[in-house]
Amino acid sequence: MFLQLGDPAPDFTQESTEGTIRFHEWLGDSWGVLFSHPADFTPVCTTELGMVAHLKDEFAKRKTKVIGLSVDPLDKHKGWADDIAETQGARLNFPLLADADRSVSELYGMIHPNADSTATVRSVFIIDPKKKVRLTLTYPAPTGRNFDEILRVIDSLQLTEYEKVATPVNWKDGDDVVILPSITNEEADKMFPRGYKELKPYLRMTPQPNK
Ligand code: BEZ
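No experiment lies behind these values; they were computed from the predicted model shown.

## Comments concerning the site of the ligand
For the ligand, the full set of nearby residues is Thr42, Pro43, Val44, Cys45, Arg122, Ala141 and Pro142. Arginine 122 is positioned such that a nitrogen or oxygen atom in its side chain is 2.8 Å from an oxygen atom of the ligand. Taken by itself the ligand offers 260 Å² of open surface, and the protein chains cover 69% of this. Considering every element that reaches the shell around the ligand, the biggest residue donor is helix H2 (residues 43-54), with three residues. Classifying every residue of the shell around the ligand by side-chain character gives five nonpolar, one polar and one charged.

Given below as structure tokens:
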């Protein structure tokens, strides 16, 4: 199954390093990030999981819960968690699914047979509080992800959910944003009291409204 933007995020029940996870119930009304790894005791994944542990407060600020997945069993995850703490300076502080039966991997299309017929690729799903998929991202096994980018996308999704704006190239929280082309100048005058710069009729820049 390949999930597309706006699709409902499938629910599942699976074991994890923090006990049994009933995914939708666990998400509650938070945003969520579900991300997969090729296997336990692999070098790139070790650095990624350490980084996500370091970023706990950043995800919490965005009311976002994170959950990892690897297709190895729980006892292996527990041994690996010690290595992550030892080498990355941060202990796992979010659940890591033990998807040994590959049920979640298959539900989310995390196994790409042209890459590897059994191991998961590096998938990321951002899920909103209505349990809709809002971002999908797939990296190949040897390429570690940039979790600052994941946080940046969450900032953009949370901003553009409520304001009639979009975020331009390399935008980061606090930078100017783009007014949606569907908004007329008359509407923009009322909506954006700090004004805007019209570079083209379809390209109008304004300070980030919620800052
Ligand atoms: C890994 O750490 O997951 C990895 C490293 C090299 C190739 C493939 C995977």
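Right, picking up where we left off after that structure.
## Quick notes on the sheet that holds strand S4 (residues 64-70)
Judged by pairing direction, the sheet is mixed, and its five strands sit side by side in the order S5-S4-S3-S6-S7 without closing on themselves. Across the chains shown, the open sheet's two edge strands, defined by having one partner strand only, are strand S5 (96-98) and strand S7 (133-139). With direction set aside, neighbouring strand axes in the sheet form an average angle of 20°. Pairing of strand S6 (residues 122-127) with S7 involves six bridges; the strand directions are antiparallel. Within the sheet, the bridge partner assigned to arginine 122 lies in S7 and is tyrosine 139.

## As for the domain arrangement of the protein
Taken domain by domain, the protein consists of domain 1 (13-145) and domain 2 (163-206). Using C-alpha coordinates to define each centre, domain 1 is positioned 35 Å away from domain 2.

## A few points about the nonpolar core
Within the largest apolar cluster, 27 residues are counted, with the highest numbers of intra-cluster contacts made by Val33, Phe35, Leu49, Phe59, Phe94, Ile126 and Ile150. Among the secondary structure elements, those contributing two or more residues to this core are strand S3 (31-37), H2, helix H4 (74-88), S6, S7 and helix H6 (147-162). Looking at this core element by element, the count peaks at six residues for H6. Of all hydrophobic cores here, the second largest spans 18 residues; its members include Phe12, Ile67, Val104 and Val133.

Calculation rules
- Residues numbered from 1 in each chain as written.
- Predicted model: local features only at pLDDT ≥ 70, side-chain atom pairs only at ≥ 80, totals over all residues.
- Heavy atoms only, no water.
- Near = heavy atom within 4 Å.
- Polar contact = N/O pair within 3.5 Å; in protein donor to acceptor, adjacent residues only side chain to side chain.
- Areas by Shrake-Rupley, 256 points an atom, 1.4 Å probe, with all protein chains shown as cover.
- Helix = DSSP H or I, 4+ residues; strand = E, 2+ residues; numbered from the N terminus.
- Nonpolar A, V, L, I, M, F, W, Y, C, P; charged D, E, K, R; others polar.
- Pairing = 2+ DSSP bridges.
- Axes fitted to C-alpha atoms, helices over the stretch in contact; angles between N-to-C directions.
- Domains from an automatic or database assignment.
- Core = buried A, V, L, I, M, F, W, Y, C linked by side-chain atoms within 4.5 Å.
- Buried < 20%, exposed > 50% of the residue type's maximum accessible area, 1.4 Å probe, protein only.

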